Amino acid sequence: MNTNSNVYTVIYTTIVVVIVSAVLAFVAMKLGPAQDANAKAETLRQMMSAAGVKPTEELYATNNADILQLYADNIEEAYTIGLNGEKNGDLSIAQDKIELISKLKPQHKAILAGEGATLPVYIFKGGVTVIPIYGAGLWGPIWGYVALNPDCYTIAGAYFDHESETPGLGAKIKDEPWFREKFVGKTIEWGEERAFKLDKNAEATGAPNTVDAITGATMTSKGLNEALNIWFKAYEKHFGVGAFFHALEEHAIEETNVNAEEE
Amino acid sequence: MAQKLKETILNPILKGNPITVLVLGICSALAVTVQLKGALVMALSVTIVTGLSSLICSLLRNTIPNRVRIIVQLVVVAMMVILVDQILKAGEATYAIDKQLSVYIGLIITNCIVMGRIEAFALGNKPIPSLLDGLANGLGYGLILIVVAFFRELLGSGTLFGFQVLPASYIPNNLVILPPFALILLGCIIWVHRALDKDLQED
């Protein structure tokens, strides 16, 4: 048989491609549920690490089923908001309809486009609220979760991850616990041009909404700074107003106390 | 026959090592050798991909139209790589490692060793020797990967397989973590290899 004729070549390649695609489609279908379960557990681990449900290492040592249970035990409410700050969807807890990490990219695009965003908000028992952030690092996407205290103003915890930042430099945003611990207790100045500052020598200014950039990872730090600010801006209308009233309330309480003392 | 098979297996690991002698597959050797765990998974993945791709291409060798043989090989290799990647993603224990290796698993497709062994060996040999040749080349590649990763993880993070080995007072060397150091280390390995094996020395 002449294996070099045109007809043979076309038929041969067609058959090879059809067989290969059938094999891959079959495998993707069979493994799909297991991969989704892994992706979901990964999202929950990062979220709960930020929320401080358990230490990060413990979460990564817990198997998928227990992670789902842990989430179900600890979540209070989960919903999505639009850019106007109002609720526009429900992330039913019972169905575990959490927004996977892989869905953050389209959300990021929606924020930049200024329409069509459904930004997730997860409120854990005890009042800690977790929101995601997403942006571009030096080599690829970076993302993370920031947990807010019930006052929606101070940060309770954070977790960052990346696809391909330089190990030992940009990858520190994920690998170094001291970096994410720096965010604890810092504030988000809702309403300001830059609600948070991750910059060289930023902490030296003494402002409560600053964290120093990582030495040697300028581009990753810049990307993270952008990601934080773009996403905080998107959440501003939701938390900003609440935080404002909260501040008013505290102010009122203080005044009452002062008055009480005077009397 | 047995002698020939033995050579097929041992040659790629020692005298004809794809990295130190043929200098193929260097790029991924620089990229995934920061930690031993990642290097080990990468080594296994490449071994499986080269072995099975060689086997499949050897089975098809008499039917592949000569003009499109590279494309057919590429399709077979791509299929194997996607399979490995999908399986790693599906396993609960391997998911984290797959995440860490990220694009480099997918980039096994471009690893010269895979296509090189198919072109040079599998298309002209029977399936079983082709399978062994592919596996052995993957192991030869993996061996160097693990040696490089051993030094990089030890000096760059003070750990081995994630366990602290060097005392906490050791300050990790950042240069070791960056890809250029892998190239320097690789150069040293090639140097040692050539110094030990007189056959490899050129005039």
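Every residue gets a number counted from 1 within its own chain, in the order that chain's sequence is written. Numbering of ligands from 1 and lettering of chains from A proceed in the order in which they are written. With pLDDT at 70 or above as the cut-off, local features in this predicted model cover only qualifying residues; side-chain atom pairs require 80 or more to be listed or tallied, and sums for whole chains, interfaces and linings still use all residues.

## A word on the overall build of chain A
Working step 1: The helix and strand labels rest on DSSP assignments: H or I over at least four residues marks a helix, E over at least two residues marks a strand, and numbering proceeds from the N terminus. Along its length, chain A carries 7 helices and 8 strands.
Working step 2: Here chain A holds 263 residues, and 36% of them are scored as buried.
Working step 3: Contacts in chain A between residues at least 24 apart in sequence constitute 57% of all its contacts with a sequence separation of at least 6. Three classes are used. A residue is buried when 20 or more other C-beta atoms lie within 10 Å of its own, exposed when 12 or fewer do, and partly exposed in between, with C-beta atoms placed from the backbone. Whether two residues are in contact is decided by their C-beta atoms, placed from the backbone, lying within 7 Å.

## Let's talk about the packing of helix 3 (residues 36–59) of chain B against helix 4 (residues 69–90) of chain B
Residues and elements named next belong to chain B.
Working step 1: It is at 9 Å that the axes of helix 3 and helix 4 come closest, and there the two elements cross at 140°. Comparing the axis directions of helix 3 and helix 4 gives the class oblique. Here helix 3 and helix 4 pass one another in a crossing that is right-handed. Along the contact surface, helix 3 presents S45, I48, V49, L52, S53, I56 and C57, while helix 4 presents Q73, V76, V77, M80, V81 and V84.
Working step 2: Each residue belonging to the contact of helix 3 with helix 4 can be placed in one class, and the counts come to 10 nonpolar, 3 polar and no charged. Axis definition: a line fit to C-alpha positions, over the contact stretch in the case of helices; interaxial angles, taken between N-to-C directions, run 0 to 180 degrees. Any angle between 65 and 115 degrees counts as roughly perpendicular, while under 35 counts as roughly parallel, over 145 as roughly antiparallel, and the rest as oblique. Note: crossing handedness is left-handed where the near helix turns anticlockwise from the far helix by less than a right angle, and right-handed where it turns clockwise. Put simply, Ala, Val, Leu, Ile, Met, Phe, Trp, Tyr, Cys and Pro go in the nonpolar bin, Asp, Glu, Lys and Arg in the charged bin, and everything else, Gly too, in the polar bin.

## Quick look at the interface of chain A and chain B
Working step 1: At the interface, 24 residues of chain A touch 23 residues of chain B.
Working step 2: Of all the elements, helix 1 (residues 6–51) of chain A adds the most residues to the side of chain A that touches chain B, at 16 residues.
Working step 3: A class-by-class count of the residues in the side of chain A that touches chain B yields 12 nonpolar, 10 polar and 2 charged.

## Comments concerning the nonpolar core
All names here are of chain A.
Working step 1: By size, the foremost hydrophobic cluster in this structure holds 59 residues, and its most contacted members are A50, A51, V130, V146, A147 and A158.
Working step 2: Of all the secondary-structure elements, those providing two or more residues to this core are helix 1, helix 3 (64–74), strand 1 (75–81), strand 3 (119–124), strand 4 (129–136), strand 5 (141–148), strand 6 (155–162) and helix 7 (218–262).
Working step 3: If sequence neighbours within four positions are ignored, A50 has contacts with V130, Y145, V146, A147, G157, A158 and Y159. The term nonpolar core refers to a group of buried residues, namely Ala, Val, Leu, Ile, Met, Phe, Trp, Tyr and Cys, whose C-beta atoms join them within 7 Å.

## Some remarks on the packing of helix 1 (residues 2–13) of chain B against helix 8 (residues 127–157) of chain B
Residues and elements named next belong to chain B.
Working step 1: Relative orientation of the contacting elements helix 1 and helix 8 amounts to 25°, with a least axis distance of 7 Å. Overall, the two elements helix 1 and helix 8 adopt an arrangement that is roughly parallel. Regarding helix 1 and helix 8, the two cross each other, and that crossing is right-handed. Packed against helix 1, whose contacting residues are L5, T8, I9, P12 and I13, the element helix 8 presents P129, L132, D133, A136, N137, L139, G140 and L143 at the interface.
Working step 2: For the contact of helix 1 with helix 8, the residue count by class is 9 nonpolar, 3 polar and 1 charged.

## Examining the confidence of the model for chain B
Working step 1: Per-chain confidence: chain B averages 87 in pLDDT, with 99% of residues scoring 70 or above.
Working step 2: The complex prediction reports pTM at 0.78, with the ipTM value standing at 0.80. As a per-residue measure, pLDDT tells how confident the predictor is, with possible values from 0 to 100.

## Side note on helix 8 of chain B
Working step 1: Its 31 residues give helix 8 of chain B an end-to-end C-alpha distance of 43 Å, which sits within 8% of 45 Å, the value for a rise of 1.5 Å per residue.
Working step 2: Of the residues flanking the end of helix 8 of chain B, it is B:G158, one or two places downstream, whose phi is positive at about 75°. For a helix, the expected span equals 1.5 Å multiplied by the number of residues minus one.

## Observations concerning the sheet that holds strand 5 of chain A
Backbone-to-backbone hydrogen bonds pair the strands of a sheet. The strands run either parallel or antiparallel.
All names here are of chain A.
Working step 1: Spatial strand order, 2-1-3-4-5-6: 6 strands in an open sheet with antiparallel pairing. Lying at the two open borders of the sheet, with one neighbouring strand each, are strand 2 (87–90) and strand 6. Each neighbouring strand pair of the sheet contributes to a mean axis angle of 30°, computed without reference to strand direction.
Working step 2: Contacts from helix 1 reach strand 3, strand 4, strand 5 and strand 6, with the element oriented near 150° to strand 6.
Working step 3: Together, strand 3, strand 4 and strand 5 form the strand contacts of helix 4 (residues 104–113), whose direction differs from that of strand 4 by roughly 80°. Only strands that DSSP links by at least two bridges are regarded as paired with each other.

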